[in-house]
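# Per-entry structural report
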Number of protein chains: 2
Amino acid sequence: MARLVLKFGGTSVADVERLRIVADRVAQVVEDGNEVAVVLSAMAGTTNQLIEWTQAMSSLHDAREYDAIVSSGEQVTIGLLAMALQEKGISARSWLGWQIPIRTDDTHSSARIEDIDGAEIVRRMGIGEVAVVAGFQGLSPNNRIATLGRGGSDITAVALAAALAADRCDIYTDVDGVYTADPRIVTAARKLDKITYEEMLEMASQGAKVLQTRSVELAMNHRVRVQVRSSFNNSPGTLVVDEEEIVEQAVVSGITYASDEAKVTLLHVADRPGVAAAVFGPLADANVNVDMIVQSASPDGTTTDMTFTVSRGDLARVQTIVEQQREAIGFQECLTDGDIVKVSVIGVGMRSHAGVAQRMFAALSDKGINIHAISTSEIKISVLISAEYTELAVRSLHSVYGLDAD
Amino acid sequence: MARLVLKFGGTSVADVERLRIVADRVAQVVEDGNEVAVVLSAMAGTTNQLIEWTQAMSSLHDAREYDAIVSSGEQVTIGLLAMALQEKGISARSWLGWQIPIRTDDTHSSARIEDIDGAEIVRRMGIGEVAVVAGFQGLSPNNRIATLGRGGSDITAVALAAALAADRCDIYTDVDGVYTADPRIVTAARKLDKITYEEMLEMASQGAKVLQTRSVELAMNHRVRVQVRSSFNNSPGTLVVDEEEIVEQAVVSGITYASDEAKVTLLHVADRPGVAAAVFGPLADANVNVDMIVQSASPDGTTTDMTFTVSRGDLARVQTIVEQQREAIGFQECLTDGDIVKVSVIGVGMRSHAGVAQRMFAALSDKGINIHAISTSEIKISVLISAEYTELAVRSLHSVYGLDAD
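Residues numbered from 1 in each chain as written. Chains lettered and ligands numbered in written order. Predicted model: local features only at pLDDT ≥ 70, side-chain atom pairs only at ≥ 80, totals over all residues.

### Re the overall build of chain A
Rule in force here: Numbering of helices and strands runs from the N terminus, with a helix taken as a DSSP run of H or I at least four residues long and a strand as a DSSP run of E at least two residues long. To get the radius of gyration, use the C-alpha atoms; to get the globule rule, take the number of residues to the power 0.38 and multiply by 2.2 Å. Any two residues are considered in contact once their C-beta atoms, placed from the backbone, lie within 7 Å.
From N to C terminus, chain A includes 13 helices and 20 strands. A globule of 406 residues ought to have a C-alpha radius of gyration of about 22 Å, and chain A, at 24 Å, matches this closely. Taken along its principal axes, the extent of the C-alpha atoms in chain A is 80 × 55 × 30 Å. For chain A, the share of sequence-separated contacts (at least 6 apart) that also reach a separation of at least 24 residues comes to 74%.

Here is the structure:
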């Protein structure tokens, strides 16, 4: 017997029929002798419709009202699933964020969970009742509904698993698990049986879409064992766990790519102290996240070229801000390029193996792929290349690091 | 300056555009210097869609889950209206039933309001904030959402007006107010400026659809002045008030008709003590409401014919129950007739005027209309006639009692 939290997303709960299929699956887990809590999203499309209405009503809206509106969809799916379970003879009840309560801070529409009182749910699970919990929502200190932002239901599931001291949190998705690379471009990609929190975190922030960064962080901080698995079949998915749980660690676990970045190059920037602050200070003030930064060597000792990447959605704002700072920075020209991609090689094994970066550079060079920028962390190397080489680069690296399936 | 509760129904809040029009109207009332609370229904169609899903999921569903599901629609409209008011520079916030709280009993899906804590709303109205309150919902003793049943938003509005000691509760509808008769069949019908609670109550239970019986009862018990008015124009509607507020009381205030009843006749019932109990006991046990009852004189002293009316929706059940009791009752034949209508004449002035009933019978007789059954109360006379005479009867009575517009 185990205590499990199961999370199902919007496409799995899109209508009454699919909710019945979810109920069948939950029933199976209950009949296997487990204590079960289920976390649900709203029906696919519902939340987007609600967001559309808020935008149509008011461009600068009150986040508290926004939260009251967009949190209503989960109320429907949890009630319907509780009904479906009862119909199958399984004791179940729905729980809204404020009923548990799931306490959050007051940053409405991207609130953080501060505390979950799981005592009553644990007590009821002990007598065989399934808790069906609304994802994405909690109760703010001012007694109003607060939503958790993008990926909020995953966050609810992981936080609930921590609060209930669950043995595992199963995130049901439309993919089988976490792959060594995107299977749509690497046919030889393999599903990973296990991956460490640190790797999953890098993968999520480097472009893998299967789990949101915030839910992985939460799982890592509370040591919640997370399983990413398919809602369409019964095969085991990928376990996201502590490093110690993985006996034989590959040097590299996966290759990711992120195409939502853009490159900005400032030509002939005065090569003097304080110029980086003049460039990046105003961007930080405007909440623009700068990812990679490269400053070329100064051939004449007076000017240099500076390249950095930002989220593509921020590009227009960045251009405006940089132009406003033209005098302070003293550059000649500002070039932008949205036609780039960031390819990353990720693996905790890198810590103990030298030469991982060198192999990456050599492999790309072999294929004639030029590297515009490089950034590294302890368990990740990222390079910026032209978008047209995306597939070639990912496939080559996947093969070079021995990740291809037999 | 007055303290007002305004209630808008589903068609008035059907989309973002119509919610903007509601916001304009609320803004006008605020700018006139009033303290305002608004009660809203869900968007037209939303609640029906939600009910459909619950029915598709489970025929015998948990009323607590049903309530969680069907109460979600109001959450959307109140959030959007609060946004729309803020957009117009008016301070506003949305309130869900559990946030106020509006405490109910635990008869989920037809709960009764037990208590509303209006202190915080009154305080905020005092500093110019509009309270936008979800109709139809409250918080049950087990900390779950409870809905109030049909007409629930009107009930919320009246109960809130009582709790806030509001000067008036304005119910915005798709009609101008309460008419002396249904204007669709009586072109000479007049809008009433004022009507007493007692008359409104009789009208609501005798077929007038403008206000639900439960909300009128509540208004009467708490002496809440209710105005029924149009959401499409600014003309004053009909005030529902205490009898003392109406200086010159007409003998008859209105003529109603109800076509949702059916007549049941048991032929040759044994004329002995206990037979009425044998007929109506099992019907009461099955929660069937019996309205009018007529027992014909027994010509031979041994058998009699018994006629009664029930809601047409209950007719099939009634036939089954009566057949099951055939032996106990000892009747010869059970005839049913759904082609009947109950026409009522209503007015508090009847108390002090004799001959009102006599005039009704004479007027119907003049037109050759046969009366199948009669029932009376202190301020009402109802007759059962064939449905084909509906318009003729209502028009004749409207004229006979001097209600026709000049």
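### A closer look at the relation of the copies chain A and chain B
As a reminder of what qualifies: To line up the copies, we fit them by least squares on C-alpha atoms, keeping just the residues with pLDDT of at least 70 in both.
When chain A is fitted to chain B, the best match, at an RMSD of 0.1 Å, comes from turning it 180° and sliding it 0.1 Å along the axis. Expressed as a symmetry operation, the mapping of one chain copy onto the other fits a two-fold axis. When C-alpha positions in chain A are compared against the rotation axis, the closest is assigned to A:Ser72, at 2.7 Å.

### Considerations on the interface of chain A and chain B
Worth spelling out the cut-off: Three classes are used: nonpolar for Ala, Val, Leu, Ile, Met, Phe, Trp, Tyr, Cys and Pro, charged for Asp, Glu, Lys and Arg, and polar for all others, with Gly counted as polar.
In this complex, chain A contributes 26 residues to the contact, which on the side of chain B involves 26 residues. When contributions to the side of chain A that touches chain B are tallied by element, the ones reaching two or more residues are helix H2 (46-57), helix H3 (63-70) and helix H4 (72-87) of chain A. The element contributing the most residues to the side of chain A that touches chain B is H4(A), with 10 residues. Per-class residue counts for the side of chain A that touches chain B are 13 nonpolar, 10 polar and 3 charged.

### Considerations on the sheet that holds strand E2 (residues 35-40) of chain A
Hydrogen bonding along the main chain pairs the strands of a sheet, whether they run parallel or antiparallel. All names here are of chain A. To be explicit about the condition: Two strands qualify as a pair provided that DSSP identifies no fewer than 2 bridges between them. What counts as an axis is a line fitted to C-alpha atoms, over the stretch in contact for a helix, and the angles between N-to-C directions run from 0 to 180 degrees.
The 8 strands are arranged E3-E6-E2-E1-E9-E11-E12-E10 in an open sheet whose pairing can be described as mixed. Strand pairing shows two members of the sheet lacking a second neighbour, strand E3 (92-95) and strand E10 (194-196), which therefore form its edges. Each strand of the sheet is rotated relative to its neighbour by a mean of 20°, with strand direction disregarded. Where E10 lies against strand E12 (residues 238-241), 3 bridges are found, and the strand directions are parallel. Directly across from Ile 195, in E12, lies its bridge partner Val 240.

### Points about the environment of A:Met203
All names here are of chain A. Threshold: With C-beta atoms placed from the backbone, a residue is labelled by how many other C-beta atoms lie within 10 Å of its own: buried for 20 or more, exposed for 12 or fewer, partly exposed between the two.
For Met 203, the position within the fold is in helix H7 (residues 197-205). Judged by the 27 C-beta atoms lying within 10 Å of it, Met 203 falls in the buried class. Sequence separation between Met 203 and Gly 368 is 165 residues, and the spatial gap between their C-alpha atoms is 26 Å.

### A short note on helix H13 (residues 390-400) of chain A
All names here are of chain A. Convention followed: Arc, as used here, means the arc of the directions from the helix axis to the C-beta atoms.
Looking only at H13, the buried set comprises Ala 393, Val 394, Leu 397 and His 398. Taken down its axis, H13 places every buried residue within 125° of arc, on the same side. Buried-residue contacts for H13 involve strand E13 (254-258), strand E18 (340-346), helix H12 (356-366) and strand E20 (380-386).

### Some points on the nonpolar core
Inclusion rule: Each nonpolar core consists of buried Ala, Val, Leu, Ile, Met, Phe, Trp, Tyr and Cys residues. Their C-beta atoms, within 7 Å, join them into a set.
Counting 239 residues, the largest nonpolar core has A:Leu81, B:Val38 and B:Leu81 as its most contacted members. With residues near it in sequence (within four places) discarded, A:Leu81 still touches A:Leu19, A:Val22, A:Ala23, A:Val38, A:Leu40 and A:Val132. Counting 13 residues, the second-largest nonpolar core is a separate cluster that includes A:Val279, A:Met306, A:Phe308 and A:Ile329.

### Let's talk about unusual backbone geometry
Of the consecutive residues A:Ile100 and A:Pro101, the connecting peptide bond is found in the cis state with omega at -15°. Secondary-structure assignment places A:Pro101 in the loop between E3 and strand E4 (102-104). Positive phi values are uncommon outside glycine, yet B:Asn143 reaches one of about 65°. The exposure class assigned to B:Asn143 is partly exposed, which follows from the 13 C-beta atoms found within 10 Å. One non-glycine residue, B:Asn287, adopts positive backbone phi at about 60°. Structurally, B:Asn287 is set in the loop between helix H9 (275-285) and strand E15 (290-295).

### A few points about the pairing of strand E11 (residues 226-230) of chain A
Residue and element names in this part refer to chain A. In the sheet, strand E9 (residues 168-173) pairs with E11 via 5 bridges, with the strands oriented parallel. Bridging from a neighbouring strand, Ile 171 pairs with Val 228 of E11. Bridge count between E11 and E12: 3 bridges; the pairing is antiparallel. In the sheet register, Val 228 faces E12, and the bridge partner there is Thr 238.

### Observations concerning the sheet that holds E20(A)
All names here are of chain A. Strand order in the open sheet formed by 4 strands is E13-E18-E20-E19, with antiparallel pairing between adjacent strands. Among the strands making up the open sheet, the edge pair consists of E13 and strand E19 (373-377). Averaged over all neighbouring strand pairs, the angle between strand axes comes to 20°, with direction disregarded. In the sheet, E19 pairs with E20 via 5 bridges, with the strands oriented antiparallel. Bridging across to E20, Ser 377 finds its partner in Lys 380. Across the sheet, H12 is in contact with E18, E19 and E20; its angle to E20 comes to roughly 15°.

### Thoughts on the packing of H2(A) against H3(A)
Residues and elements named next belong to chain A. For clarity, the threshold we go by: Handedness of a crossing is defined here by the sense of rotation of the near helix relative to the far one, left-handed for an anticlockwise turn of less than a right angle and right-handed for a clockwise turn.
Across the interface, H2 lies against H3 with an axial gap of 9 Å and an inter-helix angle of 145°. For the pair H2 and H3, the sense of crossing is right-handed. From H2, Thr 47, Leu 50, Ile 51 and Thr 54 reach across to H3, where they touch Tyr 66, Ile 69 and Val 70. Its residues assigned to classes, the contact of H2 with H3 comprises 5 nonpolar, 2 polar and no charged.

### Examining the pairing of E13(A)
Residue and element names in this part refer to chain A. With 5 of 5 residues buried, E13 is to be regarded as a mostly interior element. Side chains of E13 alternate between two faces, with Gly 254, Thr 256 and Ala 258 and Ile 255 and Tyr 257 buried alike. The sheet contact formed by E13 and E18 spans 5 bridges and is antiparallel. Opposite Thr 256, over in E18, you have Ser 344 as the bridge partner.

### Details of the confidence of the model for chain A
To keep it simple, the criterion reads: You can read pLDDT as the predictor saying how much it trusts each residue, on a scale of 0 to 100.
When pLDDT is averaged across chain A, the result is 93; 100% of the residues are at 70 or more. Here the predicted complex carries an ipTM of 0.86, next to a pTM of 0.88.

### Quick word on the environment of A:Ser352
Residues and elements named next belong to chain A. For Ser 352, the location among the structural elements is in the loop between E18 and H12. Exposure remark for Ser 352: the 8 C-beta atoms within 10 Å place this residue in the exposed category. Expressed as a C-alpha distance, the spacing of Ser 352 and Glu 378, which sit 26 residues apart in the sequence, is 10.0 Å.

### So, the environment of A:Ser205
All names here are of chain A. With respect to the secondary-structure elements, Ser 205 resides in helix H7. Using a count of 19 C-beta atoms within 10 Å as the deciding quantity, one classes Ser 205 as partly exposed. Spatially, the C-alpha atoms of Ser 205 and Asp 337 are 21 Å apart, while their sequence positions differ by 132 residues.

### What to know about the packing of H4(A) against helix H2 (residues 46-57) of chain B
Applied cut-off: Convention used here: angles under 35 degrees read as roughly parallel, angles over 145 as roughly antiparallel, angles from 65 to 115 as roughly perpendicular, and any remaining angle as oblique.
Interaxial distance between H4(A) and H2(B) falls to 9 Å at its minimum, and their mutual angle equals 20°. One finds that H4(A) runs roughly parallel with respect to H2(B). Crossing angle aside, the handedness with which H4(A) passes H2(B) is right-handed. Where H4(A) approaches H2(B), its residues A:Val76, A:Leu80, A:Met83 and A:Ala84 are matched on the opposing element by B:Leu50, B:Trp53, B:Thr54 and B:Met57.

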